[in-house]
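# Structural overview
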Amino acid sequence: EMPSLITDCLISLDDKFLYFSNWLHGDIRQYDITDCKRPKLVGQVFLGGSICNDGGVKVTEDKELSSQPDPVFVNDKKILGGPQMIQLSLDGKRLYVTTSLFSAWDKQFYPDLVKGGSMLLMVDVDTDKGGLTLNSKFSVDFGAEPDGPSLAHEVRYPGGDCTSDIWL
């Protein structure tokens, strides 16, 4: 049995959605929390993780999945690691995510990530009905950095994000 490992969560500025990243399994989830006693899953996207169908983990039972997710590629590079820290734009339409947790944990769970470097990705958010879609046109490959590969743990949205109290 392999539990999830939620590494970040946030609530949208309008208090409509809750987001969390599940670094070990590899998904980001979006819940509608307008009725906070009955949160409703309205968006989910897999961005790497341990349960991709090309990895060493075989899922034998999962009531939420019909099959193991496929590996994901952006700009011809496989996403290594799993979604980790998340930042939501002030308008709630863009969710930025990094794929490295801590180098010691990265080495244990995702050795290819340490060799290839992490990424910064952007997920497009449907703020009306809910829904998450990886934006395949945006990525920062920290494996290509000079003296890399590098493992980016967290980035900050310029001017603050929906969780900041430092807006400009």
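Use the structure listed above.
The structure reproduced in this document is the subject of the present report. Residue positions are given per chain, counted from 1 along the sequence in the order it is written. Local features in this predicted model are restricted to residues of pLDDT 70 or higher, and side-chain atom pairs are both shown and tallied only at a pLDDT of 80 or more, whereas totals for entire chains, interfaces and linings draw on every residue. Excluded from the side-chain calculations are hydrogens and water; all other atoms, namely the structure's heavy atoms, are used.

### Some thoughts on the overall build of the chain
- Of the regular secondary structure elements, the chain holds 2 helices and 10 strands.
- Each helix and strand of the chain, placed in order from N terminus to C terminus, yields the pattern β-β-β-β-β-β-β-β-α-α-β-β.
- The principal-axis extents of the C-alpha atoms in the chain amount to approximately 40 × 40 × 25 Å.
- Note on classification: 1.4 Å probe, protein chains only; a residue is buried when its accessible area is under 20% of the maximum for its type, exposed when over 50%, partly exposed between these limits. Among the 168 residues that make up the chain, the fraction classed as buried is 46%.
- Long-range contacts, defined here as pairs at least 24 residues apart, represent 53% of the contacts in the chain between residues at least 6 apart.
- About 9,300 Å² of surface is accessible on the chain, with carbon and sulfur atoms providing 51% of the total.
- In this count, Lys and Arg are taken as positive residues and Asp and Glu as negative ones, while His and the chain termini are left out. Lys charges are placed at NZ, Arg charges at CZ, Asp charges at CG and Glu charges at CD. Across the chain, the 16 positively charged side chains and the 25 negatively charged ones have centroids separated by 4 Å. Numbering of helices and strands starts at the N terminus; helices are DSSP runs of H or I of at least 4 residues and strands are runs of E of at least 2. Whether two residues touch is decided by their heavy atoms; if any such pair falls within 4.5 Å, the residues are in contact. To be clear on the numbers: accessible area is Shrake-Rupley with a 1.4 Å probe, and residue cover counts the displayed protein chains and nothing else.

### Considerations on unusual backbone geometry
- The peptide bond linking Gly-148 to Pro-149 adopts the cis configuration, its omega dihedral lying at 5 degrees.
- Positionally, Pro-149 belongs in the segment after strand 10 (132-141).
- Even without a glycine there, the phi angle at Asn-75 is positive, about 50 degrees.
- Structurally, Asn-75 is set in the loop between strand 5 (73-74) and strand 6 (77-78).
- At Asp-147, a position not held by glycine, the phi torsion is positive, near 65 degrees.
- Counting through the fold element by element, Asp-147 comes out in the segment after strand 10.

### Brief notes about the packing of aromatic side chains
- Between 30 and 60 degrees the pair is tilted, below 30 it is stacked and above 60 it is edge-to-face, where a pair is any two Phe, Tyr or Trp rings, Trp via its six-membered ring, whose centres lie within 6.5 Å. Applying the stated criterion across every chain yields a total of 6 aromatic pairs.
- Between Trp-23 and Tyr-110, the aromatic rings sit 4.9 Å apart at their centres with planes inclined by 90 degrees, giving edge-to-face as the arrangement. With Trp-23 in the loop between strand 2 (17-22) and strand 3 (27-32) and Tyr-110 in the loop between helix 1 (103-109) and helix 2 (111-116), this pair connects stretches of sequence that are 87 residues apart. The pair Trp-23 / Tyr-110 is uniform in exposure class, with both members buried.
- Aromatic side chains Trp-105 and Phe-109 sit 6.0 Å apart centroid to centroid with 40 degrees between the ring planes, which places their arrangement in the tilted category.

### Observations concerning the pattern of salt bridges
- Whenever a carboxyl oxygen of Asp or Glu lies within 4 Å of a side-chain nitrogen of Lys or Arg, that contact is scored as a salt bridge. Summed over all chains, the structure comprises 7 salt bridges.
- Asp-54 is paired through a salt bridge with Lys-78; the nearest N and O atoms lie 2.6 Å apart. With a gap of 24 residues between them, Asp-54 in the loop between strand 4 (40-46) and strand 5 and Lys-78 in strand 6 connect regions that are remote in the sequence.
- Judged by relative accessible area, which is 42%, Asp-54 ranks as partly exposed.
- Linking Arg-94 and Asp-91 is a salt bridge whose minimum nitrogen-to-oxygen distance equals 3.2 Å.

### Digging into the nonpolar core
- We define the nonpolar core as a collection of buried residues of types Ala, Val, Leu, Ile, Met, Phe, Trp, Tyr and Cys that are connected through side-chain atoms lying within 4.5 Å of one another. Counting residues in hydrophobic clusters, the biggest one holds 19 residues, and the most contacted among them are Tyr-19, Ile-28, Leu-47, Ile-79, Leu-95, Leu-121 and Val-123.
- Within the residue set of this core, elements represented by two or more residues are strand 2, strand 7 (86-88), strand 8 (94-98), strand 9 (119-125) and strand 10.
- Element by element, the count of residues in this core is highest for strand 9, at 4 residues.
- Ignoring sequence-local partners within four residues, the contact set of Ile-28 consists of Phe-20, Ser-21, Gly-43, Gln-44, Val-45, Leu-47, Pro-83, Ile-86, Leu-95, Val-97, Val-123 and Leu-132.
- Listed in part, the 6 residues of the second largest apolar core include Leu-24, Leu-80, Leu-101 and Leu-113.

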